[in-house]
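So the chains spell out like this:
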Amino acid sequence: MSDSLESLESSLLSWDEDEESHMKKIPKPNGEVGWLGQGGYNLKDQLGWGEDGFKKLKRFVKKVMKKHLDPTRCQSLQDHKALEVVSKMAIAEFPDLDNFDEC
């Protein structure tokens, strides 16, 4: 088999695995986090980690955000690679986050 065919086959197999793991993830609730009176949801309740677990997550994410993101910009204006770094660091520290879709 040629290198290009092997590469294509590898990519397709990887895509299938990614698609399967994506399909098994816990879906994001409807609405926006924190917008309880307007159809949103409470993140702490949705995670189900209890008060201490949620506080640890918040402290960690705040620390990582300060290091990698621009506090003067909203999320949509942040550098996408920096957002990805924050997400990957949070998942590395709290592996259960990887069970959630759109995390």
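Thresholds applied
Residues numbered from 1 in each chain as written. Predicted model: local features only at pLDDT ≥ 70, side-chain atom pairs only at ≥ 80, totals over all residues. Heavy atoms only, no water. Phe/Tyr/Trp six-rings, centres within 6.5 Å; stacked < 30°, edge-to-face > 60°. Helix = DSSP H or I, 4+ residues; strand = E, 2+ residues; numbered from the N terminus. Buried < 20%, exposed > 50% of the residue type's maximum accessible area, 1.4 Å probe, protein only. Salt bridge = Lys/Arg side-chain N within 4 Å of Asp/Glu carboxyl O.

(A) Structural detail: the packing of aromatic side chains. The full count for this structure, using the stated rule, is two aromatic pairs. Aromatic pair W49 and F94: ring centres 5.9 Å apart, planes at 20 degrees, arrangement stacked. A residue pair is termed long-range when its members are at least 10 positions apart, and W49 in the loop between α2 (43-47) and α3 (50-68) and F94 in the segment after α4 (80-93) qualify at 45 residues. Given the relative accessible area of 23%, W49 is considered partly exposed. Grouped by ring-pair contacts, the aromatic residues W49, F60 and F94 constitute a single cluster.

(B) Local environment of the pattern of salt bridges. Counted according to the given criterion, the structure contains four salt bridges. The salt bridge partner of D98 is K25, with a shortest N-O separation of 3.1 Å. Of this pair, D98 sits in the segment after α4 while K25 sits in the loop between α1 (3-23) and α2, and the two are 73 residues apart along the sequence. Overall, the relative accessible area of 37% leaves D98 in the partly exposed class. Here K44 ties to E51 by a salt bridge, and the two come within 2.8 Å at their closest N and O atoms. Given a relative accessible area of 28%, K44 falls into the partly exposed group. The class of E51 is partly exposed, set by a relative accessible area of 40%.

Everything listed here is a matter of coordinates, which is why it stays silent on function.
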